Amino acid sequence: MSLLNVTHLGKSFGGNRAVDGVSFSVAKGELLALIGPNGAGKSTTFNMVNGQLKADTGSIQLEGQELIGRKPRDIWRLGVGRTFQIAETFGSLTVVENVQMALLSSDGLLFSMWRRAAAHKRDEALALLAQVGMAAQADRPCSVLAYGDVKRVELAIAMANRPKLLLMDEPTAGMAPKERNELMALTKQLVIERGIAVLFTEHSMDVVFAYADRMIVLARGRLIAEGKPAEIRDHPKVQEVYFGT
Ligand code: ADP
Ligand code: MG
């Protein structure tokens, strides 16, 4: 059974149909890649799923519950997580403090209360950090971490809310090939161990073909192909969009 069902999703900006009647589903335990050239509508699709943008048409259902019309916070509570960039949030806190914060906010605690309550969450935060291979660096400030390590912490923070579906928009942007592979292998491991689903966008075809269970391809707001990596690689419409052949 599908975890997420998207049907006939549409969004226009003025006269520009950024997303034009897109339908797809995401199954539990699946790493699904959303690819397409720049401006294809990938981020717009993501932002409709997490509630930052309201769809004009269609439906987005998580386990049968309609998400369109709900606030981002409610969608997050229902189990749609996304990775945030730490740099934008709490770079001055230590690694473990960042994860403790995330655990507290998933309990609905206010920021002003966090310092007192955080102590109770340290063990739980360390367990999450161990899963992403960052326990040894728990007490370092996030601001001094290597880029690939920051990405691991972001993943631990996203997992703190125990999402059913995790959205990752270009998670490996700006990373060296080795770091990319480590992050995607880790993501795949979390999908398997926790039985969650991940929907991600990615520029590197090497990464997509190596890690995605399935792919959907957008071009100019429309879904042009869908299937396993081997099927997509040889798909004539995909060849046309990417290589102009
Ligand atoms: P992708 O993530 O695949 O590169 P986007 O979803 O960001 O593509 O953009 C799809 C189309 O929608 C593009 O033509 C883009 O210019 C347009 N677009 C995206 N966001 C906005 C916005 N907030 N206002 C106006 N146009 C937008
Ligand atoms: Mg984008």
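Residues numbered from 1 in each chain as written. Chains lettered and ligands numbered in written order. Predicted model: local features only at pLDDT ≥ 70, side-chain atom pairs only at ≥ 80, totals over all residues.

Identification of the protein chain as ABC transporter ATP-binding protein from Aquincola tertiaricarbonis is taken from an unreviewed UniProt entry.

Visitor: Help me understand the environment of leucine 183 in this model?
Guide: Within the fold, leucine 183 resides in helix 7 (residues 177-194). On a C-alpha basis, the gap between leucine 183 and glutamate 202 in space is 12 Å, while along the polypeptide they are 19 residues apart. Contact partners of leucine 183, with chain neighbours within four places excluded, come to Gly148, Lys151, Pro171, Thr172 and Met175. (Helix = DSSP H or I, 4+ residues; strand = E, 2+ residues; numbered from the N terminus. Contact = placed C-beta atoms within 7 Å.)

Visitor: Explanation requested: the site of ligand 1 in the structure shown.
Guide: Contacts to ligand 1 come from Phe13, Asn16, Ala18, Gly36, Asn38, Gly39, Ala40, Gly41, Lys42, Ser43 and Thr44. Of all the elements, helix 1 (residues 42-49) adds the most residues to the shell around ligand 1, at three residues. Of the residues belonging to the shell around ligand 1, the class tally is three nonpolar, seven polar and one charged. (Near = placed C-beta within 6 Å. Nonpolar A, V, L, I, M, F, W, Y, C, P; charged D, E, K, R; others polar.)

Visitor: Just to check I follow, could you spell out the packing of helix 6 (residues 147-159) against helix 7 for this structure?
Guide: Two numbers describe a pair of packed helices, the interaxial angle and the distance between the axes. The interhelical angle for the contact between helix 6 and helix 7, taken along N-to-C directions, is 15 degrees, at an axis separation of 10 Å. Taken together, the axis directions place helix 6 and helix 7 in an arrangement best described as roughly parallel. The handedness of the crossing between helix 6 and helix 7 is right-handed. Between helix 6, through Tyr147, Gly148, Lys151, Arg152, Leu155 and Met159, and helix 7, the contact on the second element is made entirely by Glu179, Glu182, Leu183, Leu186, Thr187 and Leu190. Class assignment of the residues belonging to the contact of helix 6 with helix 7 gives a composition of six nonpolar, two polar and four charged. (Axes fitted to C-alpha atoms, helices over the stretch in contact; angles between N-to-C directions. Parallel < 35°, antiparallel > 145°, perpendicular 65-115°, else oblique. Left-handed = near helix turned anticlockwise from the far one by under 90°.)

Visitor: Would you explain the sheet that holds strand 5 (residues 65-66) in this entry?
Guide: The strands making up a sheet associate through backbone hydrogen bonding, with each pair oriented either parallel or antiparallel. Taken in spatial order, the four strands of this open sheet run 2-1-4-5, and their pairing is antiparallel. Both edges of this open sheet fall to strand 2 (16-27) and strand 5, since each of them pairs with a single strand only. As paired elements, strand 1 (residues 2-13) and strand 4 (residues 57-62) share five bridges and run antiparallel to each other. The residue bridging asparagine 5 from the neighbouring strand is glutamine 61, located in strand 4. (Pairing = 2+ DSSP bridges.)

Visitor: In this structure, what is going on with the confidence of the model for the protein chain? I would like to understand it.
Guide: Parts of the prediction with low pLDDT should not have their coordinates interpreted in detail. When pLDDT is averaged along the protein chain, the result is 89, and 91% of the positions lie at 70 or above. Across the interfaces of the predicted complex, the ipTM metric reaches 0.98, alongside a pTM of 0.90. (pLDDT = per-residue confidence, 0-100.)

Visitor: Please clarify how helix 7 should be interpreted in this entry.
Guide: Since there are 3.6 residues in each turn of an α-helix, residues three or four apart along the chain are aligned in direction. Compared with an ideal rise of 1.5 Å per residue, which puts 18 residues at 26 Å, helix 7 spans 26 Å between its outermost C-alpha atoms and is within 8% of the ideal. The set of residues buried in helix 7 consists of Arg180, Leu183, Met184 and Thr187. An end-on view of helix 7 places all buried positions within 95 degrees of arc, on one side of the element. Away from the buried face of helix 7 by more than 90 degrees, exposed residues Lys178, Ala185, Gln189, Ile192 and Glu193 are located. Residues of helix 7 that are buried in the fold lie against strand 3 (31-35), helix 6, strand 8 (197-201) and helix 8 (205-211). Positive backbone phi, at 65 degrees, marks glycine 195, one or two positions downstream of helix 7. (Expected span 1.5 Å × (residues − 1). Buried ≥ 20, exposed ≤ 12 C-beta atoms within 10 Å, placed from the backbone. Arc of directions from axis to C-beta.)

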